[in-house]
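Next come the chains, spelled out residue by residue.
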Amino acid sequence: MNLADRLMCALTDPDFVLGTEDWPPGLPEVSDEELGSLLVAAYRVDASAPRTMTRVRFAVEEASVERRPRYTPDACRRMFEALVERYEQRGWADLTRGLGALENCTGRLPDVSEPARALVGSWLEKDTVRQPYALLAVARLAGDGTLRAAVERLSRDVGPIVADEIATVAGLTSAEQAQLSGTDRDHRFLSPFPDAWRRSADNPAYLAFARRALEAAAERTDAIRAGEIPYRADKAFTDREITSLGQALRAALLRDEPWLPELFERLLPGIALAPTAARTLPSQALLYEVVRAAQDFPTPELVTAIRTVRRTVRHAGVPKQLDKMLKKVDAALAERTDVALRLPRLDFGDDGVLRRTAGDYEAVVTVTETATLAWEKDGRPLRGVPAPVRRDHTALVKELRDLVKRVNAQLATLIRALEGGFTVDAVHPYGWWRTELAGHPLARTLVRRLIWEVETAPGEWRTVLPETDGQLPDAPDAAPVRLWHPLRSDPPAVRAWRDLLTERGLRQPFKQAFREVYLLTPAEEQTRVYSNRFAAHLVHYRRMFALFRARGWKSNLLGPWDGGDGDQAERTLAAGQWRVRFFHSWADWAGDDELASTDQVRFDRRVAGAWREAPLADVPPLVFSEAMRDVDLFVGVTSIAADPDWTDGGFGRTYWERASFAELTESAQARREALERILPRLKIATRCTLDGRFLTVRGDLRTYRIHLGSANILMEPDDSYLCIVPARRSGDGKVFLPFEDERLSLILSKAFLLAADTDITDETILMQIKRGA
């Protein structure tokens, strides 16, 4: 009896004994066709079934998410029969299960008209119909009469937008209806997988409906504003219309339709501003649904439109909620590198300066590393906002301050988008890059401080740093341009760029020249499909969870509750073609803090719409390096080894003692290379030397070794530990750092303090130093 047979017995016979070792994660020994049959049996398992049956059901369903099950014609028929049974037992059944089985049928489609007719008949008797797209697809399987009845029921009392939607979907083929059923949502706060939206966006008939629906919504808000439709707060659209409009908007956003920006200028103010002086909104619910759509598929124009209405909306609580939602929108836009680089000019001159007159004064907004607002009178700079301007031009001051915030948010998004382009090996036409990035008034100061490669001739790439090279190279407008990455360069060239940045005192928008490179190790070649490079660390869990969100990773919150013991943080890379998973588990409490332990890193490749685990050797080097860089960041920043005053005992203390002075990771190695260039320029240079994992600092009282990974300190000659978190000294604050790194700043801060240890006045530090001196 093979594994599939044993699992089938476990799903159908409550007395069958099956050891947990017989069903490993992903069920790799089970074929796709066997998995399809198992899913049919699993769907028949009730929640009250014995524990073994329930656990096998979960294992089968989990495997189906990662793979693409196949169904024999008989399995397809049995799936529809199982749906009828489930509906009779619970009053609901997931119709997409049956449609998915037919879509992945291995032979001639079976006749399922009888169970399909029974399902549709039962559903149409309900007051509220869920999964309307799937219902129409199943109704077509039942016959033309059943389809007409379904269309009539779904179009009843729903308004013209939803009626148009139902008619559009009803007119599609069975296969098209089944494909669109993946976007059915039980409520608008849920969003299907991106692949489901892609199917809608790729359907010409549905995309045409999407434009009609959104334009109809804008026309309705125009009519409300004109007084042609009576105004009622938050009643401009029904719940069903809002769901339909949200789905239509996502399809259009995914395709980045050119008519959307003009529509946003009408629709967003129309749903956010009452036609009267009231502080209510025509449709607060649709406004939030639009922002949720922007979280899925943002465009710069939609983000700008949302921020515009955020400044003008009168409802007191809406701006705060929009600010919270916009954080996710900005993060998502940075990941959508194909559109995120499209920046508005916002009336700035080519030099990155915008000037506005306010009486006898002039406001000057300047974009360098960030946007700043200053005031002048007769060409002379002023320290702050002049009193007459504050008094007489309040609206202008607020407008300009909001503009500075908006520009800085766009610059932050641009930085994330450029950096995110590494994993897709993003390439731009040289002509577009020269005018829309290197010459853009907002982007220019960021772009010109980055290293670029221009293909001046086939196979010949010229590397250029616009900030130092002055003149851009001559190349055809169609010539490819891409960001330089140290992984594609030889070590002497990498060292040369690092030397140049340090000599010129040039800080890049993100770590590029000093960027860490992660190559496959012999140990990872042995483990083949997973990496243990960052396993077995203890971390401050809530800090790591916050970093997941900040870096665009998805993860469930862990804690001491059922199902909260372990998870895998994941992020999609390379335009959705690769996925990295970082396994971790909740460990324990440490006072009021929560600890987690880290585990394996694995990679998956998208194959035929499903994720398949891939050997590490098959992962593109840039994808592997950038993903491991993120994991290194998570562990390096949140490890308790970097906590200088960790005092807990037990297994946590054992880990701290081992990891606090361990071998350097790639991020710590980059820190060491930066120090090699920085130290000779410091006034304490003669007291500092780099020795392996440590920066050795010679004080007058003792000699100190600062670990380049954790920043923890050992004192010679007995390697006693020195617990110290110094305040930043004035000398340290003036040190040029080629990239932003809190740990590097901390190491230099400690070095300055300890090099002048006779000037230390903190008794808690002096007691430790003198104890063994």
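Right above here is the structure, for reference.
Residues numbered from 1 in each chain as written. Predicted model: local features only at pLDDT ≥ 70, side-chain atom pairs only at ≥ 80, totals over all residues. Heavy atoms only, no water.

**Section: the environment of Glu453**
Assignment of secondary structure puts Glu453 in strand 6 (residues 452-457). Glu453 gets classed as buried once you look at its relative accessible area, which sits at 8%. Separated by 26 residues in sequence, Glu453 and Val427 have C-alpha atoms that sit 9.6 Å apart. If near-sequence neighbours (up to four positions away) are discounted, Glu453 is found in contact with Trp461, Arg462, Thr463, Pro480, Val481, Arg482, Leu483, Trp484 and Arg488. (Helix = DSSP H or I, 4+ residues; strand = E, 2+ residues; numbered from the N terminus. Buried < 20%, exposed > 50% of the residue type's maximum accessible area, 1.4 Å probe, protein only. Contact = heavy atoms within 4.5 Å.)

**Side note on the pattern of salt bridges**
Taken as a whole, this structure holds 62 salt bridges when the rule is applied. With its nearest N and O atoms 3.0 Å apart, the salt bridge here joins Glu241 to Arg220. Taken as a pair, Glu241 in helix 13 (residues 239-255) and Arg220 in helix 12 (residues 204-225) lie far apart in primary sequence, 21 residues in all. Like Arg220, Glu241 is buried. When the shortest N-O distance is used, the salt bridge between Arg542 and Glu594 registers 2.9 Å. Here Arg542, found in helix 26 (residues 541-550), pairs with Glu594, found in strand 13 (residues 593-607); they are 52 residues apart in sequence, far enough to count as distant. Taken together, the salt bridges that share partners define one network made up of Glu419, Lys511, Arg515, Glu516, Glu626 and Arg629. (Salt bridge = Lys/Arg side-chain N within 4 Å of Asp/Glu carboxyl O.)

**With respect to the pairing of strand 14 (residues 610-613)**
In this structure, strand 13 lies alongside strand 14, joined through four bridges in antiparallel fashion. Residue pairing in the sheet places Val607 in a bridge with Ala610 of strand 14. With antiparallel pairing between neighbouring strands as the criterion, strand 13 and strand 14 make up a hairpin whose turn holds two residues, including Ala608 at a positive phi of roughly 50°. (Pairing = 2+ DSSP bridges.)

**With respect to the environment of Ile760**
As for its placement among the helices and strands, Ile760 is situated in the loop between helix 31 (742-755) and helix 32 (763-771). When sequence neighbours within four positions are dropped, the list of residues in contact with Ile760 reads Leu753, Leu754, Ile765, Leu766 and Ile769.

**Section: unusual backbone geometry**
Residue Pro717 is reached from Glu716 by a cis peptide bond, and omega for that bond is 10°. With respect to the helices, strands and loops of the structure, Pro717 is situated in the loop between strand 18 (713-715) and strand 19 (720-722). Of note, Gln131 is a non-glycine position whose phi angle comes to about 50°, a positive value. Relative to the helices and strands, Gln131 resides in the loop between helix 6 (113-124) and helix 7 (132-142). Here Asp378, not a glycine, exhibits a phi torsion of approximately 55°, which is positive. Given the relative accessible area of 69%, Asp378 is considered exposed.

**Comments concerning the sheet that holds strand 5 (residues 428-429)**
Pairing within the open sheet is antiparallel, and its four strands lie in the order 5-8-6-7. In the strand order of this sheet, the two ends are held by strand 5 and strand 7 (460-464), each with one partner. Direction of pairing for strand 6 relative to strand 7: antiparallel, over a ladder of five bridges. The partner of Glu453 across the bridge, within strand 7, is Thr463.

**Brief notes about the packing of helix 2 (residues 32-43) against helix 4 (residues 73-90)**
Put simply, helix 2 and helix 4 touch, their axes get as near as 9 Å, and they point 15° apart. With respect to helix 4, the axis of helix 2 lies roughly parallel. Crossing of helix 2 against helix 4: the hand is left-handed. Contacts between helix 2 and helix 4 involve Ser37, Leu39, Val40 and Tyr43 from the first element and Ala75, Arg78, Met79, Ala82, Leu83 and Arg86 from the second. Classifying every residue of the contact of helix 2 with helix 4 gives seven nonpolar, one polar and two charged. (Axes fitted to C-alpha atoms, helices over the stretch in contact; angles between N-to-C directions. Parallel < 35°, antiparallel > 145°, perpendicular 65-115°, else oblique. Left-handed = near helix turned anticlockwise from the far one by under 90°. Nonpolar A, V, L, I, M, F, W, Y, C, P; charged D, E, K, R; others polar.)

**Examining the side chain of Arg86**
Relative to the helices and strands, Arg86 resides in helix 4. Buried and without a salt bridge, Arg86 has Asp46 as its closest oppositely charged side chain, separated by 5.9 Å. One polar contact links the side chain of Arg86 to the main-chain carbonyl oxygen of Tyr43, over a distance of 2.4 Å. Each residue touching Arg86, except ones within four places of it in the same chain, is listed here: Tyr43, Val45, Gly91, Trp92 and Ala93. (Lys, Arg positive; Asp, Glu negative; His and termini not counted. Polar contact = N/O pair within 3.5 Å; in protein donor to acceptor, adjacent residues only side chain to side chain.)

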